[in-house]
Amino acid sequence: MMGKGEAPAPREPEEEEDTGGVVKLISAEGFEFVVDKKAAMVSNTLRNMLTSPGGFSETRQGEVRFPEISTHILEKICQYFYWSLHYSSGKETAEFPIEPEITLELMMAANYLDA
């Protein structure tokens, strides 16, 4: 409790602030995608990884490795995160483009990411 005229105590930086509002997603081939944390939170799996109080390395480092997700699929997933943020209000709509040849692999990754 503060007395009259006292300045508030300096706040300790939170884990989320350490990453500067971005998350690094790393594909199976080692390609790194840096996305806004808000966009990454479209995925419930990523949300849980990045906000868990258990001290997971993903939370501390602000990066997540996906040894089973290829670069071209992870790129499409990142595009979907931003697309989803843009159209989540429902005021305007647009179809998210998916190339037929990546559909199965993309669905498997989306299922894992709960996105």
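Residues numbered from 1 in each chain as written. Predicted model: local features only at pLDDT ≥ 70, side-chain atom pairs only at ≥ 80, totals over all residues. Heavy atoms only, no water.

**A few points about the packing of aromatic side chains**
Filter applied, for reference: Within 6.5 Å between ring centres, the rings of Phe, Tyr and Trp (the latter by its six-membered ring) count as paired, and their orientation is classed by plane angle as stacked under 30 degrees, edge-to-face over 60, tilted in between. Helix and strand assignments come from DSSP, with helices taken as H or I runs of at least 4 residues and strands as E runs of at least 2, each series counted from the N terminus. By definition, being over a ring means that NZ of Lys or CZ of Arg is both within 6 Å of the ring centre and within 35 degrees of the ring normal.
All chains considered together, the criterion is met by 6 aromatic pairs. Where Phe66 meets Tyr112, the ring centres are 6.4 Å apart and the plane angle is 85°; that geometry is what we call edge-to-face. Residue Phe66 is found in the loop between strand 3 (63–65) and helix 5 (71–87), and its partner Tyr112 is found in helix 6 (residues 103–113); the two are separated by 46 residues along the sequence. Put simply, the rings of Tyr80, Trp83, Tyr87 and Phe96 pair up and form one aromatic cluster. When the ring centre of Phe96 is taken as reference, the NZ or CZ atom of Lys76 above it lies at 5.2 Å.

**Some details on the environment of Ala39**
Note the following rule: Pairs of residues are marked as contacts when any of their non-hydrogen atoms sit within 4.5 Å.
Here Ala39 is to be found in helix 2 (residues 37–40). Sequence separation of Ala39 and Val22 is 17 residues, and the distance between their C-alpha atoms is 8.9 Å. Those residues in contact with Ala39 that sit more than four places away from it in its chain are Phe81, Tyr82 and Leu85.

**Structural notes on unusual backbone geometry**
Condition: Buried residues are those whose accessible area, probed at 1.4 Å on protein chains only, stays under 20% of the maximum for their type, while exposed residues exceed 50% and partly exposed ones sit between those limits.
With phi around 50°, Asp114 is a residue other than glycine that occupies positive phi space. Structurally, Asp114 is set in the segment after helix 6. On the accessibility criterion, Asp114 (43% relative accessible area) is partly exposed.

**Observations regarding the environment of Tyr82**
Inclusion rule: Here a polar contact means two N or O atoms within 3.5 Å. Within protein one must be a hydrogen donor candidate and the other an acceptor candidate, and residues neighboring in sequence count only if both atoms are side-chain atoms.
Take Tyr82: it is sitting in helix 5. Counting along the chain gives 47 residues from Tyr82 to Val35, while the straight-line C-alpha distance between them is 8.9 Å. Here the side chain of Tyr82 touches Asp36 through a polar contact of 2.8 Å, landing on its backbone nitrogen.

**Overview of the side chain of Thr45**
Structurally, Thr45 is set in helix 3 (residues 44–51). Reaching out from Thr45, the side chain makes a polar contact with the backbone oxygen of Leu113 at a distance of 3.2 Å. Leave out the neighbours within four places in its chain, and Thr45 touches Tyr112, Leu113 and Asp114.

**Focus on the pattern of salt bridges**
Pairs can form between side chains of opposite charge once their charged atoms are near each other. Inclusion rule: Salt bridges are defined by distance alone: a side-chain nitrogen of Lys or Arg within 4 Å of a carboxyl oxygen of Asp or Glu.
Evaluated as defined, the whole model comprises 4 salt bridges. For Lys24, the salt bridge is made with Glu32, and the minimal N-O distance between the two is 3.6 Å. Taking the relative accessible area as the measure of exposure, Glu32 reaches 42% and is therefore partly exposed. A salt bridge links Arg65 to Glu63; the shortest N-O distance between them is 3.5 Å. Exposure remark for Glu63: the relative accessible area of 18% places this residue in the buried category.

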